Amino acid sequence: AANTKDVNIAIILCCGVESPWDATMVESMERVKQAKPHGLNITYEYTEPIYGDAVMDAMTLFAESGDYDIIICHMTCSDMVQRINKDYPDVAFVSVGSGNSSKGGNEYWIYKRVHEAAYALGVLAGHMTESGVLGVVGTFPADDVNDEINAYFAGARTVKPDLIQKVSFIESWYDPGKAAEMTSAQISMGADMIFTLASNFAACEENNLLCFGNFADESHYSPSTHLSAPIAIWDRDITRIIDGWFDYKENGVPQNGNTEMMWTSMKDGGAVVAPFHGLADRIPANIRKIFDNTVNDIMSGDLVVELDVSEPKSD
Amino acid sequence: MSGQALLETKMLTKHFPGVVANEGINFVLEEGEVHCLFGENGAGKSTLCSCLFGYYRPDGGSIEFKGEPVKFRSPRDSIRYGIGMVHQHFVLVDEFTVLENIIVGTNTEKWSLDLEASENQLKNICDEYGIDLKFNSLVRDLSVGEQQWVEILKSLYLKVEILILDEPTAVLTPEESNKLFKIMHKMGQNGISIIFISHKISEVMLADRVSVMSKGRLIDTVFPRETTPQELTNLMIGREVKLRVIEENDNEYDRSYPILSINNLKYKNKYGKFALNDISLNLYSGEILGLAGVSGNGQKELFESLSGNLNPDSGTISYEGKEIQGRSSRVFMDLGIGLIPDDRYREGLVSDFDISENIILGWQRLNDYTKGFFLNRNNIKRLAEDLIKKFNIMTPSSTVPVSHLSGGNAQKVILARELNHSNKILLANQPTRGLDLGVIEYVYNQIKLKRDEGFAVLLASEELEDLINLCDRIAIISDGEIKGIVEAKSTSIQDIGLLMAGQSETSA
Amino acid sequence: MISLEKRLESNISWVLFVYSLACIVGFIFTAFLLWSSGTDIPKAFFALYKGSLSSKKAIFSSLNYATPLILTGLATVVAFRAQIWSIGQEGQVYAGAMSAYFASLMFYGAPLWIHLLLVIAFGALGGALLGVLSAVLKNKFHVNEVISTVMINYIIIFFLSYMVGGGPWTEISDVNTTVYQQSDPVADYSKLPYLFGSTKLHLGFLLAILSAVACHFLIYSTPFGYEIRAMGHNPVALGHRGTNTHKTLLYILILSGAIAGLAGVTEIFGTSHRLKSEALYGLGYTGIIVGMIGGLTPLGTIIAGIIFGGLASGALYMKVLAKVPAALVPTIEGMFLLFFLCAGVAARYKIVVTGKDV
Amino acid sequence: MSELFQEAVIISILAGTLRIMTPILFAAIGELVTQRAGIWNMGVEGTMIMGAFVSYVVATQSDSLPLAILSGILSGMVMGLIIGFMTSTLRVDHFITGLGLNLLVGGLTFFWFRIYVKGGHPPTFTGLENFSIPILASIPILGEVFFNQKPLTYIAILSVPVVSYFLYRTRWGLEIRCLGENPKAIDIKGLSVALRQYIAIIIGSGMTGLGGAFLMLGFSDRFQPDLTAGKGWLAIVAIIAGKWLPKGVFAAVLVFAFLESVAVHVQIIDADIPYQIFFALPYLASIILLILLRRKTNQPARLGVPYFR
Ligand SMILES: Nc1ncnc2c1ncn2[C@@H]1O[C@H](COP(=O)(O)OP(=O)(O)OP(=O)(O)O)[C@@H](O)[C@H]1O
Ligand SMILES: Nc1ncnc2c1ncn2[C@@H]1O[C@H](COP(=O)(O)OP(=O)(O)OP(=O)(O)O)[C@@H](O)[C@H]1O
Ligand SMILES: [Mg+2]
Ligand SMILES: [Mg+2]
């Protein structure tokens, strides 16, 4: 019987719980809590959005309070972690997402890729597009944005090699106004399916096209157009951290955070494809079949979606 | 004139922060009379009028209309009683047409504007008084004189019974002034009673009655025919002043070599009108060259070109032979050319700065006033203090903001600065405008002193009499042209008046 | 109708009274906001105190937040004193940061102090260049400086976004790190040294204080300062009497821009140690408020800056400890500014209620 | 590049132009009225955000777009009241008042937004529908561009002649313009300068609020902090570029909107240009526009100068 019974986790959010990124993280955390790894009672709390150097103060605040065993921060915070983690050896510090690095020890680094799911959706889109033009409304051309956009098109190209791809970045994680304009612009250029990372479906509805959301299941925003979306699942990543910390607490094994980027593949449960909800019947059975096979192949490992993080351009 | 009191103040008092503008004024305007307010600057004339007009609210005392006590909470009330006022400084909108200027704020019932109706109504008024104006021309394109008519029309349009005119003739040519007095006479016949303010003794004598004010008090109300100009003036100032500012002068100086020579200066202003139309003048050391003419006829542009604040389109300005037109004001100042601008608060002073800071305006980088990177406070203070003595500027200390100085004293600050920093030429544009005789006397004496020291002085003024008394030569400017140059010794107001009048149809 | 009457003599105790009143009202409104967000007010205010001045560390942190605000505040003072409504501080901060970063790469390997001096100098230069731009636009083309500076702000921000988001300064991406809208970390020896053994407060703070003192003397006791103030009161008279006001405007905007640029340097090389807009966002706009609350005086700006720094540092604690929603700080800052403006009026004028017009 | 000239794209660019134009035009025409009354209101940006936020809350609470629009206008008017109080009654410097208000509102709306959505997903609403004018809409191209827009777009365009009639043909307009040029002329008629300035700025800010509401209801389904992204400032530029004349302002707004619409489309055509350049384009253009339009303006003489008796 372990004598380490509780673990307290603090999550410093970047964009607010309503944003897909933070929302999925919190949802996963709740699932892990229910799962009780190592029989631990997990308690966690998350903050208001905090960015810039304030993040370091927030981490310090949690760390020095002594009440928290694992401190998770989003966006570019590894610099700050590396300034303080030595002072709190018992705490596990976790940076999540792009713009980070890790020096190991009690510093961990979670990375997230949903490009495999995006690839599968690309295949679906490739079959369903009539114009042969696909549009993607991106946020910033960051590594973990580029990967899914490229994978999406790669998937589609397996069906329509001469596919025309349209990409625009709105230079913001979330700007409905710009997103709407970009979407209608792409539609005007013939795009008949939009993969929007900016979660705005207004234009899709106006032109009643099918669209894909991103990162979280956003169909509630627009049940009539939101066909599906690649969804991020963080459970594995969180448990990985807890394991590392637990091993240290329980068996005195020095913490040994990953120094290289680690992301959980779809096969290992790092991502899924959102259910089609009410729109399932819009997909012809044969296409549905091909799509399911693609997903299965990815899950089984027969199909390896290769990674391309170069900045996607329109053609 | 019925002797019937129409508008009356009882012990009226009005204070401004730090100033008693009116103190216990008992003023009576009788029905149908033309009543003149006479008094030195800041005596409180405008303030009294503003109280009668409801623009300022008196702190004490009362106002009675036809024997009934009335409270004017705002001009709205006084307008309702048929009182109109033409302010000392025009209250016009340059970008509006004459018509818009007159009707704005008059109709308070309807939403829409009935321009035709208003225009016809105005036509009748103009015909009656023989005023002719193009109702659709922009006010900014009008001459100063014409703008004065617009101001008067604003009141007539409201069918006033009492008309208050605050220094209406200050900006008018002699014959425009005459015309105005004719019109005032006609108004009298139409049962309009008139209060007017003037610093010009000749005009004061034209009134039915004159109330003399000084330092916020109403000293006495007299009948002009029962007194003399000299008496009136003494009464106002409280001491002997010479009305003739300077006795005949017999100044000799060398005219072989001009220190400043102006040749064929031309300048088109932003409305495409020739503000300077081929002006040529020579200015000699040791002389005072007068520039006679109603302001707004090119004086401003000329003085600006001569002080490096305006780049003429063509023509030359040579200082001791070398051309300097279009150079910066810095250059002109360094040549020893001083300037007294006509708009003293806008162009001559930084009102929020104290006296000592204003004394070095433009010379702040002079070695005498700096110590390394820093200003040399001590030197500056010392200079300011002895200039304050030298020019007897009325002020508690050299650290009083100029905005707290009276008009005259503010003018003295400029005079002190310019005379202290220049040594060759003094350019003075309307240096005595709006000042009372006491200060005028002082300013003229200073100018004369410098002339005797060998300065060349260019002096623009609307006071022909003063020019004749003070100057050696007088150039007459009108409509941006020099209409003639006369020897002051051998000329008269009439001659000059004629030279101006010769062009007055175009210039006014 | 309400009209204002100037007070000839200013009465110190009255002035103190109205300003402290403004503060009190400000805090009441803050409390109301907190209440409306359902937070525990005493807890929130305690968190504010804890984060701003409870400890040496908290104070250092407050001063650290204050550093760029003092600088952008000073930039505001210099410009606004001359009635030049430049609100380009925001963009100038970005420009300063960028050219300083450029210098840190360019002069890599130079001896430590020379390197630092060059980095700082280039930061000032970058801000100054934007100043020149708006000055030329105003002098030569009569482009209203408010507009030009705001537009330039937007443009420069997109420029940085390009430089670190796909452009030449974008961080190299490999298995150990990934691109995200930021540059590589700056070299250790380019970092501004820390002060007093703190791990937050850095050389930039001294820089800010020195700049403030310098500005104080500049404005009140040099010919240029005289011109700045005269420009603010009556540019016409200044120009008519021998001062080239175009030049004065140019120099003022250069100075203002340079100081704002320094704020960019202190943020990048003192605090975030990477070039990224996240670290710079809003410093310029807040600086305007700081300068105004500082009464457009350099020394006042130091105080206002430190207060705002405390607010910022405390706000983080409020978020974490009291769960106060984000964006409370700009709200408080905006409120305090408006109340201080009203207090300023009450201090300078008597408010007299007169009869009504229509 | 050729892609840009396909019919569908041209239509989309032009239609987009009108869409983007609408909120800026409301703000610019409103602000024009305010500035004609002599108030240099820098708080346009803030007023727009406020209008957007309030209309968002109302839209999500009541599901009634008319109500949302109305409340957007009202919130704008309230902002107008505050600005009026600061600038007209207290004679505080106009620039600072505006800047302060922008900061305050930017923060406040974000703050309230966080409270409003706490935890959950931000509630959404269904935005304004296009309204195609019967016959006209069926005209090729033109119909798509001009006669298949949201009703507010038509109203925005209509507001140009209406406001210019108000300013030049009514007594109130005359008096308001007079305030911008020389308020004393109103004062000595015993008419309240303040009252008229309040009227002007409340009208102006109301329209600006409406612009904000459109930005919210016409473009997206959720509020987002700082969603005006400088449109308020563009409105001010448009006034200067348009030389304070309704027609000129309208033209200027159209130009900006067109540029922005083009920028949005160009990003999607095959071009290896950093996309940031296209975002910077409208701002760059507005500066260039001001350079070209230098010199003679009809800027009200007393714009931004507090009036003391
Ligand atoms: N608005 C004001 N605020 C403060 N002081 C004022 C104001 N208006 C006038 N004063 C002061 O009140 C006094 C009377 O001013 P007023 O204008 O009535 O004098 P005046 O007789 O009209 O002088 P002038 O002949 O120069 O017009 C002066 O000391 C003047 O400085
Ligand atoms: N606007 C003002 N604000 C405050 N104080 C003023 C103002 N105008 C004048 N004063 C004060 O009132 C005093 C009298 O001013 P006023 O203009 O009446 O002087 P004056 O009698 O006209 O002298 P001068 O003939 O030289 O103009 C001034 O010395 C000044 O201290
Ligand atoms: Mg006086
Ligand atoms: Mg007077």
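Structure first, text after, so check above.
Residues numbered from 1 in each chain as written. Chains lettered and ligands numbered in written order. Predicted model: local features only at pLDDT ≥ 70, side-chain atom pairs only at ≥ 80, totals over all residues. Heavy atoms only, no water.

## Here's the deal with the sheet that holds strand β2 (residues 41-46) of chain A
All names here are of chain A. Rules: Each pair of strands is called paired provided DSSP finds at least two bridges between the two strands. We count a stretch as a helix when DSSP gives it H or I for four or more residues in a row; a strand needs E for two or more, and each element gets its number in order from the N terminus. Helix axes use the C-alpha atoms of the stretch in contact, all axes being lines fitted to C-alpha atoms, and the angles between their N-to-C directions lie in the range 0 to 180 degrees.
Pairing within the open sheet is parallel, and its five strands lie in the order β2-β1-β3-β4-β5. Because the sheet does not close on itself, it has two edges, and the strands there are β2 and β5 (107-110). Direction aside, neighbouring strands of the sheet carry axes that sit 20° apart on average. Bridge analysis of strand β1 (residues 6-12) against strand β3 (residues 70-74) gives four bridges, and the strand direction is parallel. Each bridged residue has a counterpart across the sheet, and for Ala 10 the counterpart in β3 is Ile 71.

## Observations concerning the state of the cysteines
Our working rule: Defined by distance alone, a disulfide is two cysteine sulfur atoms within 2.5 Å. A simple rule labels every residue: compare its accessible area, found with a 1.4 Å probe on the protein chains alone, to the largest value its type can have, and call it buried under 20%, exposed over 50%, or partly exposed in between.
Under the criterion given, the structure shown has three disulfides over all chains. Between Cys14(A) and Cys15(A) runs a disulfide, and the two sulfur atoms are separated by 2.4 Å. Residues Cys14(A) and Cys15(A) are joined by a disulfide whose S-S torsion is about -85°; by sign, that bridge is left-handed. Using a relative accessible area of 5% as the deciding quantity, one classes Cys14(A) as buried. Covalently, Cys204(A) is tied to Cys211(A) through a disulfide, its sulfur atoms 2.0 Å apart. Linking Cys204(A) and Cys211(A), the disulfide has an S-S dihedral of approximately -100° and is accordingly described as left-handed. Cys211(A) matches Cys204(A) in its accessibility class, with the two residues each being buried. Cysteine pairing for chain A, with bonded cysteines counted in sequence order: 1-2, 3-4, 5-6. Cysteine Cys126(B) remains unbridged, with the sulfur of Cys178(D) as its closest cysteine sulfur at 20 Å. According to the relative accessible area criterion, Cys126(B) is buried, its value standing at 4%.

## Points about the site of ligand 1
Residue and element names in this part refer to chain B. So the rule is basically this: We call a residue near a molecule or strand as soon as one heavy atom of that residue lies within 4 Å of the molecule or strand. A 3.5 Å cut-off defines polar contacts: any pair of N or O atoms within that distance qualifies, except that in protein one atom must be a possible hydrogen donor and the other a possible acceptor, and neighbouring residues in sequence count only when both atoms are side-chain atoms. All accessible areas in this document rest on Shrake-Rupley with a 1.4 Å probe, and a residue is counted as covered only by the protein chains that are shown.
Looking at ligand 1, there are 16 residues lining it, with Asn 41, Gly 42, Lys 45, Ser 46 and Thr 47 nearest. Within the backbone of Gly 44, a nitrogen or oxygen atom sits 3.0 Å from an oxygen atom of ligand 1. The separation between an oxygen atom of ligand 1 and a polar side-chain atom of Lys 45 is 2.8 Å. Surface burial for ligand 1 is 69%, taken as the share of its 620 Å² of free accessible area covered by protein chains. At the level of elements, β2 (19-30) and α1 (45-52) are the ones that each hand at least two residues to the shell around ligand 1.

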